[in-house]
Amino acid sequence: MKFTVAQIAHLLGGTVEGSGEQEVHTLGKIEEAGPGSISFLANPKYEAHLYTTRATAVIVSRELELKKGVHTSLIRVEDPYSSFTRLLEEYHRMLSFQKTGTEDPCFMHQSVSHGEGLYRGAFSYIGAGSKLGKGVKIYPNAYIGENVVIGDNTIILAGAKIYPDTKIGSNCTIHAGAVVGSDGFGFAPQPDGSYKTIPQLGNVVLEDWVSIGANAAIDCATMGSTIIRKGVKIDNLVQVAHNVEIGENTVIAAQSGVAGSTKIGRSCILAGQVGVIGHLQIADKTTIAAQAGVGKSIKQEGKVLIGSPAFERDDYLKSYVVFKNLPDLDKRLKQLEEKIINLRSPDEHS
Amino acid sequence: MKFTVAQIAHLLGGTVEGSGEQEVHTLGKIEEAGPGSISFLANPKYEAHLYTTRATAVIVSRELELKKGVHTSLIRVEDPYSSFTRLLEEYHRMLSFQKTGTEDPCFMHQSVSHGEGLYRGAFSYIGAGSKLGKGVKIYPNAYIGENVVIGDNTIILAGAKIYPDTKIGSNCTIHAGAVVGSDGFGFAPQPDGSYKTIPQLGNVVLEDWVSIGANAAIDCATMGSTIIRKGVKIDNLVQVAHNVEIGENTVIAAQSGVAGSTKIGRSCILAGQVGVIGHLQIADKTTIAAQAGVGKSIKQEGKVLIGSPAFERDDYLKSYVVFKNLPDLDKRLKQLEEKIINLRSPDEHS
Amino acid sequence: MKFTVAQIAHLLGGTVEGSGEQEVHTLGKIEEAGPGSISFLANPKYEAHLYTTRATAVIVSRELELKKGVHTSLIRVEDPYSSFTRLLEEYHRMLSFQKTGTEDPCFMHQSVSHGEGLYRGAFSYIGAGSKLGKGVKIYPNAYIGENVVIGDNTIILAGAKIYPDTKIGSNCTIHAGAVVGSDGFGFAPQPDGSYKTIPQLGNVVLEDWVSIGANAAIDCATMGSTIIRKGVKIDNLVQVAHNVEIGENTVIAAQSGVAGSTKIGRSCILAGQVGVIGHLQIADKTTIAAQAGVGKSIKQEGKVLIGSPAFERDDYLKSYVVFKNLPDLDKRLKQLEEKIINLRSPDEHS
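Residues numbered from 1 in each chain as written. Chains lettered and ligands numbered in written order. Predicted model: local features only at pLDDT ≥ 70, side-chain atom pairs only at ≥ 80, totals over all residues. Heavy atoms only, no water.

**Concerning the overall build of chain A**
Definition in use: Working definition: helices are DSSP H or I runs of at least four residues, strands are E runs of at least two. Numbering for both runs from the N terminus. Burial here depends on accessible area, computed with a 1.4 Å probe over protein chains only, as a share of the maximum for the residue type. Under 20% is buried, over 50% is exposed, and the range in between is partly exposed. The Shrake-Rupley method, run with a 1.4 Å probe sphere, supplies the accessible areas, and residue values consider only the shown protein chains as cover. Positive charges come from Lys and Arg alone, negative charges from Asp and Glu alone, with His and the N- and C-terminal ends not counted. To locate a charge, take atom NZ for lysine, CZ for arginine, CG for aspartate or CD for glutamate.
A tally of regular secondary structure across chain A gives six helices and 40 strands. Along the first, second and third principal axes, the C-alpha set of chain A runs to 100 × 70 × 30 Å. Across the 350 residues in chain A, those meeting the buried criterion constitute 56%. Carbon and sulfur atoms make up 50% of the accessible area of chain A, which totals about 14,400 Å². Side chains of chain A carry 35 positive and 37 negative charges; the gap between the two charge centres is 1 Å.

Following this line, the structure appears as structure tokens:
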């Protein structure tokens, strides 16, 4: 796909400075972009690149005053960053809307119902009784078990696995290799030391606009549902255990894990490699810093936690400063102890 | 599948109070279950729900004395919790025994041997020389390499990958996306700073009743076998490196990792996100708390460890209490130092 | 494949002591190997096994002086360990070169170009416009998106997923279930608390001799490329975020994660479960110990870091020794405080 600079300016409601006839076909960073690319300048720190860039066109602010001549066309807009983001979205939309139809062989049980605009990649599997909305895209080697419901415009990338009875909303993205609905980790200890598997009969419910990262794993509930609310974004290799509930618009970064039956509030942020133990309640708007291990419920909103076990970030960092100096502190304590021994008590003086 | 309340009471050796003719088709929690569901009441704390539940039937203790009228049928048994668990198992068994036969296309080399009751999902792959027992179920998109041995009633879920030469016992479950037998991470440093791959020629042996979680990875041995003993339960996203041995009935929670050549004893518990470095021996019945990092062999049985590097849990928590107060402790030490300066030594007095 | 002892001796440039006619078909440890195996003795500590081993042949040093009779053939070489490693490599090479041709059904778009010696496993997918070098092996259920470039002799194991536009060098190995090129985790917060997906339009570039572990995830760049340089070895379940760059010959052990836009230098070692936050620069030859969390750029080469947040290992371990004694230190401080109260100040004496 190629567009002229003028066409893009039109799309963004901007004005062209320089040639509007040239064609661009890709996007790039201002310092790296070559001919045929369009880029943007939002941060004044990077202005120097504007005078040397090889990009065909650059999106800049209406306010920008040039300090030298440029070799590129300019598209002047109100807010270069958001204009560029919009361009990215359009580009992405055009790319992802290319996929429709069926690549053979693929498997779809005759009882499956689906809306228009379905894409089924080769070797994708859709089990009996599943219901797919409009514009759903199932990439190659993806597996959709029995009685799965998938809403409009949801994309299931290559090799993702959706267990039977999962419910997925609309506009969700399940990245490659993610597993949704695997059995919760439930085993009942027996008198002989062995464990008996507790059947996991519940399911997973993903509401609308949920994103699940590559190779993440979301377990089904023992009974009832593991629930991922609207707008939740989950990164790669994250573990969500059985009967967990994640509140609306919460973001969970890579390799974090949430243990069974814990409820995470709305608009929380879990940074990378965080662990939250089971059966807790985490208040809305809690931020949990990278590698923290949360071992207690958080009742007050808006806290920032770190450490393992985690407590408030500012307190942790103050303690950590002293931790780094512990050998010195220990030495000072020993010196004091020696000094005290050399001091006689008042009684001894009298 | 539907059953009458009377049929279920018969299965559990219980007695019906109320209508035995009604049908139930699903299971649910007493506070959430709707018509057509069966639930249970084990914890007296939840008794209030018994008088308001919409479940068609509830399993209760023979001893329970009703305080009000109920709108549900009761099935009275000795132990409601274990009766309900038994029901879960039966239900699960019926569901999982549904799958037999072959979905086309799938791939099985002509040299493969297998017992009766095999299920092969579409796009599953079974390599040359592999031997499968009775009742084995290979879900869609699963890959079984060459010369793999799989015992009776083992289930390989969607998209799991079993490398060549792996040996899997009977009654095992390998969840979706798990990889068993991948190359160990072995590289020999070269004089020029690069690394040469050390071929990994061993295999993985899973004994009977082993469970491997979704997207977990179990590496093969460099030579010999990585061994997961009978009854071991491994959760999602766990890493087990080459030449590791995990003792009988040990349980490893999500996102934990065990580095190369370490031997974990029997009946150990590794909580989530635990790390154990290589070439260690961990005694039987060791418990390792979440996020702990074990850097030394554990010789005595029954220890509980936490921290990174890990030491005994009670000691760690005592230290951690002081850690939280370190800024205060530091201040107190400074105050003492100042006081001491203001105190003259006895010699100065005389 | 079977070889005579004499054939192997010839391959290694060694000399046979005992029968050269016997056949071996596998490799094993000296203490475990049975008839038909070849083993080696490099460490004098294990010499006792030489006199009892059931291996058909053992590779030993030219210098070794036997203390008793042996029941096995010997192959005498300069350096038994490196000879055995060479044998491992040959064995591995022979095994992996067995795979060529096409197993049906598999999917390859008509626009794909490839060199000779291609292996395509059943249910593998190769998207439009992709270009594959010589001797490339695509295992069953692997997915190669559109416009992917793969160099000579690279192996893509079962069920690995390579997103569109990825570039992979020659002699790389991508293990089962690994995902290369998944969308970076980029979301722009909106005024209503929801997040809007920032399209990820870049790609991943793997240079030559790169290894990616089972179920690892390497995200594509937002724009430009996530770059994994020549000779980098990445273990299982590792997360590499968007726009990261990993320098030549760096090794990253299992379950580590590197957040967005961080640049890791050359010849670094990241042990298991390490986390590195985003937008950092890590100097060449940095070693990061297991479970460390790196929160600041490292400017000086050759440092060894540990802790979360990480600092220099020796300092950390000294602090950690005191940490373990904190309850005692706290008690000592209290005792001092009490003593000081009992001491009157000099003024009080006068």
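**So, the relation of the copies chain A and chain C**
Note the cut-off: Superposing copies: least-squares fit, C-alpha atoms only, residues required to have pLDDT of at least 70 in both.
Between the two copies, chain A and chain C, the superposition gives an RMSD of 0.3 Å; the rotation angle is 120 degrees and the shift along the axis is 0.1 Å. In short, the pair behaves as if placed about a three-fold rotation axis.

**Brief notes about the UniProt feature "active site" (unreviewed entry) in chain A**
Residues and elements named next belong to chain A. Cut-off, in case you're wondering: UniProt positions are given in the numbering used here, feature names are shortened, and annotations may be inferred rather than shown by experiment. Only heavy atoms matter for contacts: two residues are in contact if any of them lie within 4.5 Å across the pair.
Listed under "active site" (unreviewed entry) in the UniProt record, and renumbered for this structure, are H242. Checked against the element boundaries, H242 lands in the loop between β29 (239–240) and β30 (245–246). Aside from chain neighbours lying at most four places away, what touches H242 is G184, F185, G186, Q200, D219, C220, A221, T222, T226, G260 and S261.

**Remarks on the sheet that holds strand β20 (residues 173–174) of chain C**
All names here are of chain C. As a reminder, the rule being used: Strand pairing is defined by DSSP finding a minimum of two bridges between the two strands. In this analysis an axis means a line fitted to C-alpha atoms, helices contributing only their contacting stretch, and an angle means the value between N-to-C directions, from 0 to 180 degrees.
Strand order across the open sheet formed by 12 strands is β8-β11-β14-β17-β20-β25-β28-β31-β34-β37-β39-β40, with mixed pairing between neighbours. Unpaired on one side and paired on the other, β8 (101–102) and β40 (310–312) mark the two borders of the sheet. Judged from the two bridges that link them, strand β31 (residues 251–252) and strand β34 (residues 269–270) form a sheet pairing that is parallel. Paired with V251 across the two strands is I269, which belongs to β34. Where helix α4 (residues 313–324) meets the sheet, its contacts fall on β39 (304–307) and β40, and the angle it forms with β40 comes to roughly 105 degrees.

**Examining the environment of A188(B)**
Residue and element names in this part refer to chain B. In this structure, A188 sits in strand β22 (residues 187–189). For A188, a relative accessible area of 24% gives the class partly exposed. The residues touching A188, leaving out its near neighbours within four places in the chain, are S194, Y195, K196 and I198.

**Some words on the pairing of strand β27 (residues 225–228) of chain C**
Residues and elements named next belong to chain C. Sheet topology places strand β24 (residues 203–206) next to β27; four bridges connect them, and they run parallel. Bridge assignment links V204 to a residue of β27, and that residue is T226. Where β27 lies against strand β30 (residues 245–246), two bridges are found, and the strand directions are parallel. When the sheet's bridge partners are listed, I227 is paired in β30 with E245.

**Concerning the interface of chain A and chain C**
Threshold: In this description, buried area is defined as the sum, over both parts, of the accessible area (probe of 1.4 Å) that is lost when the two are combined. By convention in these notes, a salt bridge is any Lys or Arg side-chain nitrogen within 4 Å of a carboxyl oxygen on Asp or Glu. Polar contacts, as counted here, are pairs of nitrogen or oxygen atoms within 3.5 Å of one another; within protein the pair requires one atom able to donate a hydrogen and one able to accept it, and residues that are adjacent in sequence qualify only if both atoms are side-chain atoms. Residues were grouped as follows: Ala, Val, Leu, Ile, Met, Phe, Trp, Tyr, Cys and Pro as nonpolar; Asp, Glu, Lys and Arg as charged; and all remaining residues, including Gly, as polar.
On the side of chain C, 67 residues touch chain A, which itself brings 64 residues to the contact. Carbon and sulfur atoms make up 66% of the area that chain A and chain C hide from each other, which totals about 5,000 Å². Between the two partners, chain A and chain C, sit three salt bridges. E146(C) is the partner of K99(A) in a salt bridge, and the nearest nitrogen-oxygen pair spans 2.6 Å. Put simply, chain A and chain C have 25 residue pairs in polar contact (both at pLDDT 80 or more) between them. At nine residues, helix α5 (residues 326–342) of chain A tops the list of elements feeding residues into the side of chain A that touches chain C. Split into classes, the residues belonging to the side of chain A that touches chain C amount to 35 nonpolar, 16 polar and 13 charged.

**Description of the pattern of salt bridges**
Two side chains carrying opposite charge are able to pair once their charged atoms lie near each other. In this structure the tally under the stated criterion is 39 salt bridges over all chains. Where K263(A) meets E245(A), a salt bridge forms, and the shortest distance between an N and an O atom there is 3.8 Å. With K263(A) in strand β33 (residues 263–264) and E245(A) in strand β30, this pair connects stretches of sequence that are 18 residues apart. The shortest N-O distance in the salt bridge between E337(B) and R332(A) comes to 2.8 Å.

**Here we look at the interface of chain B and chain C**
Facing 66 residues of chain B, the contacting portion of chain C comprises 62 residues. For the pair chain B and chain C, the number of links is three salt bridges. We note a salt bridge from D330(C) to R332(B), for which the minimum N-O separation is 3.7 Å. Summed over the shared surface of chain B and chain C, the number is 25 residue pairs in polar contact (both at pLDDT 80 or more). Elements represented by at least two residues in the side of chain B that touches chain C include exactly β21 (179–182), β23 (195–197), β26 (217–219), α4 (313–324) and α5 (326–342) of chain B. Of the residues forming the side of chain B that touches chain C, the biggest block, eight residues, is contributed by α5(B). Residues belonging to the side of chain B that touches chain C are distributed by class as follows: 34 nonpolar, 22 polar and 10 charged.

**Observations concerning the domain arrangement of chain A**
To keep it simple, the criterion reads: As annotated, the domain borders come from an automatic or database domain assignment.
According to the domain assignment, chain A consists of domain 1 (3–96), domain 2 (101–313) and domain 3 (314–349). Look at where the C-alpha atoms of domain 1 of chain A and domain 2 of chain A centre, and you get two points 38 Å apart.

**A closer look at the pairing of β39(C)**
Residues and elements named next belong to chain C. Bridge analysis of strand β37 (residues 287–288) against β39 gives two bridges, and the strand direction is parallel. When the sheet's bridge partners are listed, T287 is paired in β39 with V304. In textbook terms, the turn of a hairpin is the stretch between consecutive antiparallel strands, and for β39 and β40 this stretch comprises two residues.

**Topic: the packing of helix α4 (residues 313–324) of chain A against α5(B)**
We count it as follows: Working definition: roughly parallel below 35 degrees, roughly antiparallel above 145 degrees, roughly perpendicular at 65 to 115 degrees, and oblique for all remaining angles.
In the contact formed by α4(A) and α5(B), the axes pass within 8 Å of each other and the chain directions differ by 55 degrees. With respect to α5(B), the element α4(A) is oriented oblique. In this structure, α4(A) uses K318(A), S319(A), V322(A) and F323(A) to contact α5(B), whose residues at the interface are L326(B), P327(B) and D330(B). For the contact of α4(A) with α5(B), the class distribution of residues is four nonpolar, one polar and two charged.

**Overview of the sheet that holds strand β2 (residues 15–17) of chain B**
Residue and element names in this part refer to chain B. Ordered in space as β2-β7-β6-β5-β4, the five strands form an open sheet in which the pairing is mixed. The open sheet terminates on both sides in strands that have one partner only, identified here as β2 and β4 (26–27). Note that β2 and strand β7 (residues 73–77) share three bridges and pair antiparallel. Its bridge partner being in β7, T15 is matched across the sheet by R76. Strand contacts of helix α1 (residues 5–12): β2, β5 (37–40), β6 (57–61) and β7, with the helix running at about 5 degrees to β7, the strand carrying the most contacts.

**Section: unusual backbone geometry**
Here the bond from S308(B) into P309(B) is cis, since omega is 0 degrees, no more than 30 degrees from zero. In this structure, P309(B) sits in the loop between β39 (304–307) and β40 (310–312). Residues other than glycine seldom take positive phi values, yet Q255(A) does so here, at roughly 65 degrees. Note on placement: Q255(A) falls in the loop between β31 (251–252) and β32 (257–258). A relative accessible area of 8% means that Q255(A) is categorised as buried. Phi is positive for D165(C), which is not a glycine, with a value near 75 degrees.

**Quick word on α4(A)**
Residue and element names in this part refer to chain A. Note the threshold: Multiplying 1.5 Å by the residue count of a helix minus one yields the expected span of that helix. Throughout, the arc means that of the directions going from the helix axis to the C-beta atoms.
The first and last C-alpha atoms of α4 sit 16 Å apart over 12 residues, in line with the 16 Å expected at 1.5 Å per residue. For α4, the complete set of buried residues consists of Y316, S319, Y320, V322 and F323. Down the axis of α4, the buried set is contained in an arc of 160 degrees. They therefore lie on one face. Looking at α4, the residues exposed on the side facing more than 90 degrees away from the buried face are D314, K318 and V321.

**Observations regarding the packing of α5(B) against helix α5 (residues 326–342) of chain C**
This is how it is decided: Working rule for handedness: look at the near helix, and if it is turned counterclockwise from the far one by less than a right angle, call the crossing left-handed; if clockwise, right-handed.
One way to put it is that α5(B) packs onto α5(C) with a least axis distance of 11 Å and a crossing angle of 35 degrees. Crossing of α5(B) over α5(C) shows left-handed handedness. For the pair α5(B) and α5(C), contact is made by L326(B), L329(B), R332(B), L333(B), L336(B), K339(B) and I340(B) and by L326(C), L329(C), D330(C), L333(C), K334(C), L336(C), E337(C) and I340(C), respectively. Taken together, the residues of the contact of α5(B) with α5(C) break down into 10 nonpolar, no polar and five charged.

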